[in-house]
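# What the coordinates show
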Amino acid sequence: GRLDRDIHAVIDVLKRTGRWEKTILIAVADHGESLGEHNEFLHGDSYFDGVVRVPLLMRIPGLPGRAEGVSPLVSHVDLLPTILELVGAVAPAGIDGRSMLPVMSDDAAEIRRTALVEGGVSWTSRDAMRGAVISPPWALLRQPLMCTAGRPEPPPAAGEPFKCLFNLDDDP
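These notes cover the structure that comes with them. Computed from a predicted structure; not experimentally measured.

## Considerations on the state of the cysteines
Evaluated as defined, the whole model comprises one disulfide. Bridging C147 to C164, the disulfide has an S-S length of 2.0 Å. When the S-S torsion is -80°, as for the bridge of C147 with C164, the disulfide is left-handed. Placement of the pair is C147 in the loop between β5 (138-143) and β6 (162-167) and C164 in strand β6, with a sequence separation of 17 residues.

This is the structure:
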């Protein structure tokens, strides 16, 4: 597809110019797509797995690649401290992120136990804030979409989001 061709073009230029062995390459999405799951056809109004679990690909010179993915819980906020550690810089004090380098060499490494997800397609007041708290095996979602598509659930108060609690081991 188009993305494959674009990434190949970047890699080709890096190799032709002698920069491939000096370049950290990171590809990450900001969100996924529901594509009809949970009766949502776009993105931004729910925090189900198809929207919040996104691809993250990293190629780091000097580190061996992996044919399989790794599954520790990480967040976009972990990108900055990871990049800073790779280039030998110190992360600013008080930032939320943590370097992801430990998971690249140790399958048992843990970066975080909880990840916060926020966003939405439009501004909402603090009282109606949407998002998710993911702390395996639990995920707590606050969103305008119902928790269980196709099954009636009591509507929240006017202007309030639905609150959904899932055990990820039972209902990933």
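## Considerations on the pairing of strand β4 (residues 131-135)
With four bridges joining them, strand β3 (residues 115-118) and β4 adopt antiparallel strand pairing. Residue pairing across strands places E118 opposite G131, the latter belonging to β4. Here β4 pairs with β5 via five bridges, running antiparallel. Note that in β5 the partner of A132 across the bridge is L141. Hairpin connection, β4 to β5: the antiparallel pair is bridged by two residues.

## Quick look at the nonpolar core
With twelve residues, the main nonpolar core is built from Y47, F48, L73, A115, A132, I134, A139, L141, C147, F162, C164 and F166. Those elements that provide at least two residues to this core are β4, β5 and β6. Broken down by element, this core gets its largest block of residues, three residues, from β6. Not counting residues up to four positions away in its chain, the partners in contact with L141 are Y47, F48, G131, A132, F162, K163, C164 and F166. By size, the runner-up hydrophobic cluster in this structure holds five residues, among which are L79, M100, A109 and I111.

## Some words on the side chain of D78
Residue placement: D78 occurs in the loop between β2 (56-59) and α3 (79-86). D78 gets classed as buried once you look at its relative accessible area, which sits at 0%. Among the polar contacts listed, one links the side chain of D78 to the backbone nitrogen of R98, at a separation of 2.8 Å. One polar contact links D78 to R112, side chain to side chain, over a distance of 2.7 Å. When residues no more than four places from it in sequence are discounted, the contact partners of D78 are G97, R98, M100, I111 and R112.

Basis of the calculations
- Residues numbered from 1 in each chain as written.
- Predicted model: local features only at pLDDT ≥ 70, side-chain atom pairs only at ≥ 80, totals over all residues.
- Heavy atoms only, no water.
- Disulfide = S-S within 2.5 Å.
- Helix = DSSP H or I, 4+ residues; strand = E, 2+ residues; numbered from the N terminus.
- Pairing = 2+ DSSP bridges.
- Core = buried A, V, L, I, M, F, W, Y, C linked by side-chain atoms within 4.5 Å.
- Buried < 20%, exposed > 50% of the residue type's maximum accessible area, 1.4 Å probe, protein only.
- Contact = heavy atoms within 4.5 Å.
- Polar contact = N/O pair within 3.5 Å; in protein donor to acceptor, adjacent residues only side chain to side chain.

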